[in-house]
Structure formats: C-alpha cells, structure tokens
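Here are the chains, one letter per residue:
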Amino acid sequence: MTAITITDAAHDYLADLLSKQNTPGIGIRVFITQPGTQYAETCIAYCKPGEEKSEDTALGLKSFTAYIDSFSEAFLDDAVVDYATDRMGGQLTIKAPNAKVPMVNADSPVNERINYYLQTEINPGLASHGGQVSLIDVVEDGIAVLQFGGGCQGCGQADVTLKEGIERTLLERIPELKGVRDVTDHTQKENAYY
C-alpha cells in the first residue's frame, strides 16, 4: 500500500480543479522526476482516462483516482499532499521527505543498482532527446546488457553515449561491474542475443 497522504483539504481542492476539466473519469498522477537525487521534484499532473501507465498504483479517493508512478512510489513514502490557505488564497503543497534519498546501497543487488542509476542519472539526460535506456540482463563477467529505446534507436551517437556516458557513470557507481553492451551489439558472436 502506498504511504502517500492526500489530506481532505488537498482532495477537495484537486476534486474542484478536476471537475472543471470537463473530462469524465479524469484523475491525477503523482510522480517524481529524478527521484533519489538532489534534483528530485515531486509532481502532480492531470491524468485523463487512458493516460495512466499499467504499472501505476491506483489510489481510489472519494472523488477521483490518484495514480502513483511505480518507480517513484518508494520515494513517496511518508509524502503528504496538502492544501494550505492563507490571506492570499491558498496553495497545494507536497512534502516528500524521501524524494531525494537513494533507495539502493552497496548491498543492493547489482541489477537494482543499475536500474536505479539508469532511472535517476542516465535517462533524465537522454529524455531531452526522446530516448531512454533499460537494463536487459547482467551476463557473465559482470557485463550489463542495455537496450536503447525512443530517440536513441538508430542514432549515430548511441555507441558514443553508451561508452562515454553510460558506461563511465555505471562503472563509477558500481565497482563490480566490468562494462556495458548494447543488446544489438553484433560484435559479440558467441553469446549473441539475436
């Protein structure tokens, strides 16, 4: 169960905003950009029917559904969404004390640490080009097999990005990792994936 609290005041404020959208079934989506880093930002966005992701956690509230982004969920522990009124009106506040706290440490499994750094450090940079990279597997000899997606596919700079950016970052963060390889790397013939 998600440990995020949406106060009654915040619920009523959001319900009022949503009611003005003229979209039956509209809800909100809560996510964190760059979770687990000092740049973490907690965000709430409108979520029209069909815009939620299949892996989101649906939180059924009195007047609407809040969809919690699956990767952000652990960082939203103890988060509180509130609506505070003052003389000038009011504002929605989001306090997420764990948004910037890394959820991995040296004892976490290698694949969890790789995924963590991909999500928090590498993909935010690739996102500006519409790209992302994901972990397929960690194979013998500590090689991480990665797959480029989105705007990275077919990009002439993908191999440079892989070696100069991604590999360097991951090797710095995860000492037992020996290297990275693109899933479509056909130079490896004996254990080729395809």
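Data block above holds the structure.
Below is a short write-up of the structure. (Residues numbered from 1 in each chain as written. Predicted model: local features only at pLDDT ≥ 70, side-chain atom pairs only at ≥ 80, totals over all residues. Heavy atoms only, no water.)

### Considerations on the pairing of strand β5 (residues 65-68)
Right, on to step 1. Note: strand β2 (residues 27-33) against β5, three bridges, orientation parallel. Its bridge partner being in β5, I28 is matched across the sheet by A66.
Right, on to step 2. Sheet topology places strand β4 (residues 57-60) next to β5; four bridges connect them, and they run antiparallel. For G60, the partnering residue across the bridge sits in β5 and is T65. (Pairing = 2+ DSSP bridges. Helix = DSSP H or I, 4+ residues; strand = E, 2+ residues; numbered from the N terminus.)

### Considering the pattern of salt bridges
Right, on to step 1. As enumerated under the stated definition, the model contains six salt bridges in all.
Right, on to step 2. For the salt bridge of R29 with D56, the shortest nitrogen-to-oxygen distance reads 2.7 Å. Of the two residues, R29 is situated in strand β2 and D56 in the loop between β3 (41-47) and β4; the sequence distance between them amounts to 27 residues. You'll find R29 and D56 in the same group, each marked buried.
Right, on to step 3. In this structure, E176 engages R113 in a salt bridge whose closest nitrogen and oxygen atoms are separated by 2.4 Å. Note that E176 is positioned in the loop between α3 (158-173) and β10 (179-182) and R113 in helix α2 (residues 110-127), a separation of 63 residues in sequence.
Right, on to step 4. Taking the relative accessible area as the measure of exposure, E176 reaches 36% and is therefore partly exposed. (Salt bridge = Lys/Arg side-chain N within 4 Å of Asp/Glu carboxyl O. Buried < 20%, exposed > 50% of the residue type's maximum accessible area, 1.4 Å probe, protein only.)

### As for α2
Right, on to step 1. For α2, built from 18 residues, the straight-helix expectation of 26 Å at 1.5 Å per residue is met to within 8% by its first-to-last C-alpha distance of 24 Å.
Right, on to step 2. Where α2 bends most, the angle comes to about 40°, and this point is L118.
Right, on to step 3. Buried residues of α2: R113, I114, Y116, Y117, L118, T120, I122, N123 and L126, and no others.
Right, on to step 4. As for α2, its buried residues are in contact with β8 (131-139), β9 (143-150) and α3. (Expected span 1.5 Å × (residues − 1). Bend = angle between axes of the 7 residues up to and from the residue. Contact = heavy atoms within 4.5 Å.)

### A word on the sheet that holds β3
Right, on to step 1. Read from one edge to the other, the open sheet built from four strands follows the order β3-β2-β5-β4, with strand pairing classed as mixed. In this open sheet, the two edge strands, each paired with only one partner strand, are β3 and β4. The average angle at which neighbouring strand axes cross in this sheet is 25°, direction not considered. (Axes fitted to C-alpha atoms, helices over the stretch in contact; angles between N-to-C directions.)

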